[in-house]
Amino acid sequence: LRNYSKETQHEKIIRGIAMCLALVNFGQEENADATIEEMKGDRDPIIRYGAMYGLALAYCGTGSNKAIRILLHTAVSDVNDDVRMAAVIGLALVLHKTPERVPELVRLLLESFNPHVRYASCMAVGIAMAGSGDAESVALLEPMLTDMTDYVRQGALLGTAMIYMQQSDTCNHRKVKSFREKLASIIGDK
């Protein structure tokens, strides 16, 4: 697969190969390190994108400090925005068994100059805290609801919606009801 990804010029095929290699590494932890390291060093950003998901899936739920360190480093240093987004979202996958760590970890990334990193940070908080109704996480995402970039606002809406999943209208001092009304008005305005 790796050889074919270098031979073809079709972006969709390369992306499919990258995601295939990422999924093959699910739960492999150290056994996937060689493949991930090779993918991380590739010149093609789509392969590096796959490497971030591969790393996140290989260490899914482990809370591995090594994986977190690599994902955070990539989130702030890679030149491609898609790779950065995959790295930040990968944090939620690595920490899914200790979701309360994710909002603290991405707090500074929510203030990033890069809108792709801000979007991914919103999504990471939403994925990690899905269904919890956690007031602190919602408060963390609230400023993003008025971001200048449209897809960051979209990420904040999606993240907040994931946090409020399966919550009653009385949860979080009736903020769930007002959030649902806000969503209805946004949809109605289109």
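Quick summary incoming for the structure in this document. (Residues numbered from 1 in each chain as written. Predicted model: local features only at pLDDT ≥ 70, side-chain atom pairs only at ≥ 80, totals over all residues. Heavy atoms only, no water.)

This part takes up the nonpolar core. Within the largest apolar cluster, 61 residues are counted, with the highest numbers of intra-cluster contacts made by M52, L55, L71, V88, V94, V106 and V125. The element best represented in this core is helix α4 (residues 45–58), accounting for 10 residues. Once you skip the residues sitting within four places of it in the chain, V106 turns out to touch V88, L91, S121 and V125. (Core = buried A, V, L, I, M, F, W, Y, C linked by side-chain atoms within 4.5 Å. Buried < 20%, exposed > 50% of the residue type's maximum accessible area, 1.4 Å probe, protein only. Helix = DSSP H or I, 4+ residues; strand = E, 2+ residues; numbered from the N terminus. Contact = heavy atoms within 4.5 Å.)

Per the stated rule, a full pass over the model turns up seven salt bridges. K66 is paired through a salt bridge with D33; the nearest N and O atoms lie 2.4 Å apart. In this pair, K66 sits in helix α5 (residues 65–77) while D33 sits in helix α3 (residues 33–40), placing the two residues 33 residues apart along the sequence. Take K66: its relative accessible area is 33%, and that puts it in the partly exposed class. Between E104 and R107 there is a salt bridge, with its nearest N and O atoms 2.8 Å apart. Classification of R107 by relative accessible area gives partly exposed; the value is 35%. (Salt bridge = Lys/Arg side-chain N within 4 Å of Asp/Glu carboxyl O.)

Before going further, it helps to spend a moment on the side chain of T8. Secondary-structure assignment places T8 in the loop between α1 (2–7) and α2 (11–24). T8 gets classed as buried once you look at its relative accessible area, which sits at 7%. Polar contacts involving the side chain of T8 include one to the main-chain amide nitrogen of H10, which spans 3.2 Å. For T8, the contacting residues outside a window of four places in its chain are I13 and I14. (Polar contact = N/O pair within 3.5 Å; in protein donor to acceptor, adjacent residues only side chain to side chain.)

This paragraph deals with the packing of aromatic side chains. Summed over all chains, the structure comprises three aromatic pairs. Here Y119 and Y151 contribute two aromatic rings whose centre-to-centre distance is 6.4 Å and whose plane-to-plane angle is 70 degrees, an arrangement assigned as edge-to-face. Taken together, the residues Y119 in helix α8 (residues 115–128) and Y151 in helix α10 (residues 150–164) connect sequence positions 32 residues apart. A residue is classified by how much of its surface remains accessible, and Y151, at 26% relative accessible area, is partly exposed. Geometry around Y49 places R15 over its ring, the cationic atom sitting 5.1 Å from the centre. (Phe/Tyr/Trp six-rings, centres within 6.5 Å; stacked < 30°, edge-to-face > 60°. Lys NZ or Arg CZ within 6 Å of the ring centre and 35° of its normal.)

This part is about the state of the cysteines. Applying the stated criterion across every chain yields a total of zero disulfides. Residue C60 stays outside any disulfide, its sulfur separated by 17 Å from that of C20, the closest cysteine. Assessed through its relative accessible area of 23%, C60 is described here as partly exposed. (Disulfide = S-S within 2.5 Å.)

Working note: α-helix, 3.6 residues per turn, so residues spaced by three or four point in the same direction. The end-to-end C-alpha distance of α8, which contains 14 residues, comes to 20 Å, matching closely the 20 Å that a straight helix rising 1.5 Å per residue would cover. Burial runs high along α8: 12 of the 14 residues are buried. Of all the positions in α8, only P115, V117, R118, Y119, A120, S121, C122, M123, A124, V125, G126 and A128 are classed as buried. Against the buried residues of α8 lie α5, α6 (81–94), α7 (101–106), α9 (135–141) and α10. If you check the start of α8, you find a side-chain oxygen 2.8 Å away from the backbone N of H116, and it comes from N114. (Expected span 1.5 Å × (residues − 1).)

So, about α5. Along its 13 residues, α5 runs 18 Å from first to last C-alpha, staying within 8% of the 18 Å computed at 1.5 Å per residue. All of the buried residues along α5 are A67, I68, I70, L71, T74 and A75. The buried side chains of α5 occupy one side of the element, clustering within an arc of 165 degrees when seen end-on. Exposed residues lying more than 90 degrees from the buried face of α5 are N65, R69, H73 and V76. Looking at the packing, one finds that the buried side of α5 touches α3, α4, α6, α7 and α8. (Arc of directions from axis to C-beta.)

Note that D147 resides in the loop between α9 and α10. Classification of D147 as buried rests on a relative accessible area of 12%. Within the structure, D147 has its side chain in polar contact with the side chain of R118 (distance 3.0 Å). Setting aside chain neighbours within four positions, we find D147 in contact with R118, V152 and R153.

Keep in mind these numbers describe shape, not what the thing actually does.
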